Amino acid sequence: MKFGIVVFPGSNCDRDMQDALRDDLGKEVIMLWHKDKDLSMFSKEDCIILPGGFSYGDYLRCGAIARFSPMMQSVVDFANKGGKVLGVCNGFQILCESGLLPGVLLQNANRQFVCKNVFIKSEKGNAWKVPVAHGEGRYYADEKTLDELEAGGQVIFRYCSESGKVDMDANPNGALRNIAGIQNKNGNVFGMMPHPERCSSALMGNVDGKNVFKLLGLN
Amino acid sequence: MEITVETARQLRITEEEFKLIQEKLGRTPNFTELCAFSGMWSEHCSYKNSIKWLKTLPRDGGKMLVAAGEENAGLMDMGNGFGVVFKIESHNHPSAIEPFQGAATGVGGIHRDIFTMGARPIASLNSLRFGNLADKKTQRLLGGVVHGIGHYGNCFGVPTVGGEVYFEDCYHTNPLVNAMSVGIVKVGKTVSAIAQGEGNPVFFVGSATGKDGIGGASFASANITEESTEELPAVQVGDPFQEKKLLEACLEVIETNAVVGMQDMGAAGIICSTAEMSAKGKSGMRIDLDKVPTRQKNMKAWELLLSESQERMLIVVEKGKEAEVLKVFEKWDLPCSEIGEVTNDGLLKFYMHGTLEAELPAELLVLGGGAPQYTREYTEPKYFEKIKAFKLDSVADITDLRSVAEKMIQVPNIASKRWVYTQYDSMVGANNLSTNAPSDASVVLAKGTGKALVITVDCNSKYVFADPYTGAMIAVAEAARNIVCSGGEPLGVTNCLNFGNPYEPEVYYQFVKAVTGMGEACRKFNTPVTGGNVSFYNQHPEGAVYPTPTIGMVGVMDDPAAGMTLDFKNDGDSILLIGEQQNDIASSEYLHKIKGVEYSPAPYFDLDEEFAIQKFVASVIKDKLINSAHDISEGGLMVTLLESGFNRNKGFEVKADDTFRKDAYWFGEAQSRVVVSCSFQNAAIIQQKAAAAGIPVTIIGKVTSASIKINGEDWGYISAWKEKYDTAIEKSLE
């Protein structure tokens, strides 16, 4: 399985993702430029990653401009054909803007940027320590969409306490139902606010990010 | 328009300077030319009132790869073929008027100084000072500055890994915002800020030029008054997205080997970059100002010369290689215009639509060339009498230790700065090793070099106020101590000298003594001063700020996995005090904030003793004898112990030596003391080594699972203390 990382102007977690995948997970990584559109070197078994950052400055709505880039048109096609796509932080915002995932990411409830270690868990798993760093990470969708996400098992991560308790105290941004990450119905497109690439090496003192990649089948 | 002394005065040029200009030029300058002098001879650009003393600092040799002041930032050899580029700079005046943009552009400016040399910034830090936190104005400034730093740094994508925040009344009108950036570069791959080669084209890259920030350099060279708030256009507006593209494009364009020289446009804009690059290359430039992309119509020549619009670079390219350079900037969608060429007559000639608007020798404008250098008078400040009059015996000792301790951890200067630093992206770059392993300085993995950098900013300005000479030495010593306690080896210093009006002899006394003390300490620690910035006029009608010579220090750690952390690890570990207790509460947070005594001497400090203590701490870390190390600073031993316990919720049992005053034992800020924890067996080894080395070491207690016991008295769980410490500032802001 090889990875492509899309570099938008303003992406700033692209190199971190490259380092994590290449050095910590031993994967082949190809960097992709936003103005290009050729994804012919990737098959359904591969994964395209939209990294964190501030694509095109994010002066409009986060991710609102990136969705119109030539490369994103190809990524949408790739996803619709069943290829795996992971969006982290700004990448998650872009996936929502481009309609590959439902819902939106609003400004944090306290209207402040937040960067810290938080804990997240999947439906059945243990709590993992993964950092967040965003100003607009409050997941929002209407009740019907949220119910559908839950019914379809599409909520992949929720914010929780260190002991795994899902409650508002553990929620860094006011996300509805503590949602930190979701997937699409087909299970090939993933979006999440926390940064697994920032906690995948032993030297960093935290390798829970590797668990995240593994859970998503990206290892 | 007739140019007179009055015109000069309005441009903040003195009569004596105006005459000097006429004399050196052999004629009266026109308005545009006079504006060029106004920017270039401002305090900010010329260092006219500081350079004489700055030259007394250790400024070259050792591992320095360029001498101080030679380039935009300091460059030192960090080994393995890599250089570390670093600098700290102030953005005090803009932040006082418009905290968000003022702080944001401060961050942008300092990063540009790093990547203009070809280095990729990998970490930033800041040192912030405000007035009383209970004051609404302070809260507004704090919120704006923190938001501005976060806005710019987070988007630009360099982690903010450390810093300091102080609250003192003297900063009420004049907050201080000092930003530091640290980058890495391959040795031999740096780019110089130089213009050479007759006929080589000069390119202007980045944002279009507007009227923002015109006169910023001279604005930063005056006191802040009521009228200053009307100088809003002198504050620049930042665009971190543009700067991120500029960073990537500049690093890419350097790879083409087509670049002769490059300099960012900061203070005094185009005039400064053209003058400094030309003077350095002993060349000149012919510039067509009408070719500079503008965002406002009909900008005058003097406005174009002085505009401090952000995110702009001046690049001299080897003739014939223009296409390679243009290709890179096109890729990044960055406007790039050829605006002139290098000449060999040493003259800067600026044209507008073919008309010569200004013609000046580059050398005449710059520091080290024609810019004036002054020797200023200084006298010992009157307030020193109050300091000398301080008597320890006049302060009654503590009766209720526990309630004082609870107050102390909630004093804003001591309490957690969590509200501030969680608004900064401290982890982008995936290189901040301190996130999960906190230590006294920030440990940053320098990817690709095999090493880590250990970085800190420090200055307790209350000590400098009490005794500028000793206080500045302490600032250097504390920075080095923080690096040593983190397992690093101090390498070099960048300084940001924030003072009041240099024309006041009492202020200048503070400056002279502080620079002298700093030089002495830097020589002792073998940490040369690679550069930095002087910010005078941090003054308002009621007086100057505390003299604040902020030290940014960079150290190296050869093995990134060999760092030392500050937190207690194991129940039962012995707690040792390395260094000596003193009956001293001078200039402590306790004396100032709890007892309300502002005037007292600097705390106990001896440079040789400090040096020996640091060597000893470094040796026990190297020998893997200890599990934690945390130096004693603001708040004294008590705060150091609590902070050591917070990260892992470890408690401690400590019993005081009652031959000391209680306040001095627990809250005194005598220097050269470090708290370490280690196994019982290693404690004995450390004591033996210490005895042999003549270093005082005392076992003062042990680490416990969660509760605190002081002098046999139960003080409850560490978690309850942590809650108070963590939330004190947040509660003040609610």
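Reading the values: the criteria
- Residues numbered from 1 in each chain as written.
- Chains lettered and ligands numbered in written order.
- Predicted model: local features only at pLDDT ≥ 70, side-chain atom pairs only at ≥ 80, totals over all residues.
- Heavy atoms only, no water.
- Helix = DSSP H or I, 4+ residues; strand = E, 2+ residues; numbered from the N terminus.
- Buried < 20%, exposed > 50% of the residue type's maximum accessible area, 1.4 Å probe, protein only.
- Lys, Arg positive; Asp, Glu negative; His and termini not counted.
- Salt bridge = Lys/Arg side-chain N within 4 Å of Asp/Glu carboxyl O.
- Contact = heavy atoms within 4.5 Å.
- Pairing = 2+ DSSP bridges.
- Axes fitted to C-alpha atoms, helices over the stretch in contact; angles between N-to-C directions.
- Domains from an automatic or database assignment.
- Buried area = accessible area lost by both parts, 1.4 Å probe.
- Polar contact = N/O pair within 3.5 Å; in protein donor to acceptor, adjacent residues only side chain to side chain.
- Phe/Tyr/Trp six-rings, centres within 6.5 Å; stacked < 30°, edge-to-face > 60°.
- Lys NZ or Arg CZ within 6 Å of the ring centre and 35° of its normal.
- Left-handed = near helix turned anticlockwise from the far one by under 90°.
- Nonpolar A, V, L, I, M, F, W, Y, C, P; charged D, E, K, R; others polar.

Novice: Help me get a handle on the side chain of glutamate 478 of chain B, residues and values and all.
Specialist: All names here are of chain B. Examined against the element boundaries, glutamate 478 turns out to sit in helix α19 (residues 468–485). This buried residue, glutamate 478, is left without a salt bridge; arginine 481 holds the nearest opposite charge, at 5.1 Å. Excluding anything up to four places from it in sequence, glutamate 478 contacts Asp458, Asp631 and Ser633.

Novice: Requested: an account of the sheet that holds strand β3 (residues 120–130) of chain B, with residues and values cited.
Specialist: Residue and element names in this part refer to chain B. Read across the sheet, five strands follow the order β1-β2-β5-β3-β4 without closing on themselves; strand pairing throughout is mixed. Looking at which strands have only one partner, the edges of the open sheet turn out to be β1 (74–79) and β4 (160–167). Taken over all neighbouring pairs, the strand axes of this sheet differ in orientation by 20° on average, direction set aside. Here β3 pairs with strand β5 (residues 176–186) via nine bridges, running antiparallel. Paired with leucine 128 across the strands is valine 177, a residue of β5.

Novice: Talk me through the domain arrangement of chain B; I want residue IDs and the actual numbers.
Specialist: Residue and element names in this part refer to chain B. Here chain B is described as being made up of domain 1 (1–40 + 192–373), domain 2 (58–190 + 425–562) and domain 3 (564–734). If you average the C-alpha positions of domain 2 and of domain 3, the two centres end up 25 Å apart. On the domain 3 side, the residues contacting the 34 residues of domain 2 number 39 residues. On the domain 2 side of the contact with domain 3, Tyr463, Arg481 and Lys524 bury the most area, a combined 22% of that side's loss.

Novice: Provide a residue-level description of the side chain of glutamate 17 of chain B, including the pertinent values.
Specialist: Residues and elements named next belong to chain B. Within the element layout of this structure, glutamate 17 appears in helix α2 (residues 15–25). Within the structure, the side chain of glutamate 17 is placed 2.9 Å from the side chain of lysine 48, a separation counted as a polar contact. Not counting chain neighbours up to four residues away, the residues in contact with glutamate 17 comprise Arg12, Trp41, Lys48, Pro372 and Tyr374.

Novice: Residues and numbers for the sheet that holds strand β10 (residues 179–183) of chain A, please.
Specialist: All names here are of chain A. An order of β2-β1-β3-β4-β11-β10-β9-β6-β7 is seen for the nine strands of this open sheet, with the pairing classed as mixed. Looking at which strands have only one partner, the edges of the open sheet turn out to be β2 (28–33) and β7 (128–134). Taken over all neighbouring pairs, the strand axes of this sheet differ in orientation by 25° on average, direction set aside. By the bridge criterion, six bridges tie strand β1 (residues 2–7) to β2 in an arrangement that is parallel. When the sheet's bridge partners are listed, glycine 4 is paired in β2 with isoleucine 30. Against the sheet, helix α2 (residues 70–80) engages β1, β2, β3 (47–50), β4 (84–88) and β11 (189–192), with an angle of about 130° to β4. Sitting on the sheet, helix α3 (residues 90–97) is in contact with β3, β4, β10 and β11, with an inclination near 120° to β4.

Novice: Quick one: what's the story with the packing of aromatic side chains, residue by residue and with numbers?
Specialist: Scanning the entire structure with this criterion turns up 27 aromatic pairs over all chains. The interplanar angle of 85° and the centroid separation of 5.3 Å between the aromatic rings of phenylalanine 499 of chain B and phenylalanine 511 of chain B together place this pair among those described as edge-to-face. Placement of phenylalanine 499 of chain B in the loop between β15 (489–498) and α20 (505–524) and of phenylalanine 511 of chain B in helix α20 is noted, with a sequence separation of 12 residues between them. Exposure class is identical for phenylalanine 499 of chain B and phenylalanine 511 of chain B. Each is buried. One aromatic cluster is present, formed by Trp53, Tyr171, Tyr378, Tyr383, Phe384, Phe465, Tyr509, Tyr546 and Tyr599 of chain B through successive ring pairs. Sitting above the plane of the tryptophan 33 of chain A ring, lysine 331 of chain B keeps its charged end 4.8 Å from the centroid.

Novice: Could you give an account of the packing of helix α8 (residues 136–156) of chain B against helix α10 (residues 240–254) of chain B, naming the residues involved and the relevant values?
Specialist: All names here are of chain B. The N-to-C vectors of α8 and α10 enclose an angle of 35°; their axes lie 8 Å apart at closest approach. As for the relative orientation of α8 and α10, their crossing is right-handed in sense. Side by side, α8 and α10 meet where His151, Tyr152, Cys155 and Phe156 of the first sit next to Pro240, Phe241, Glu243, Lys244 and Leu247 of the second. When grouped by side-chain class, the residues that make up the contact of α8 with α10 number six nonpolar, one polar and two charged.

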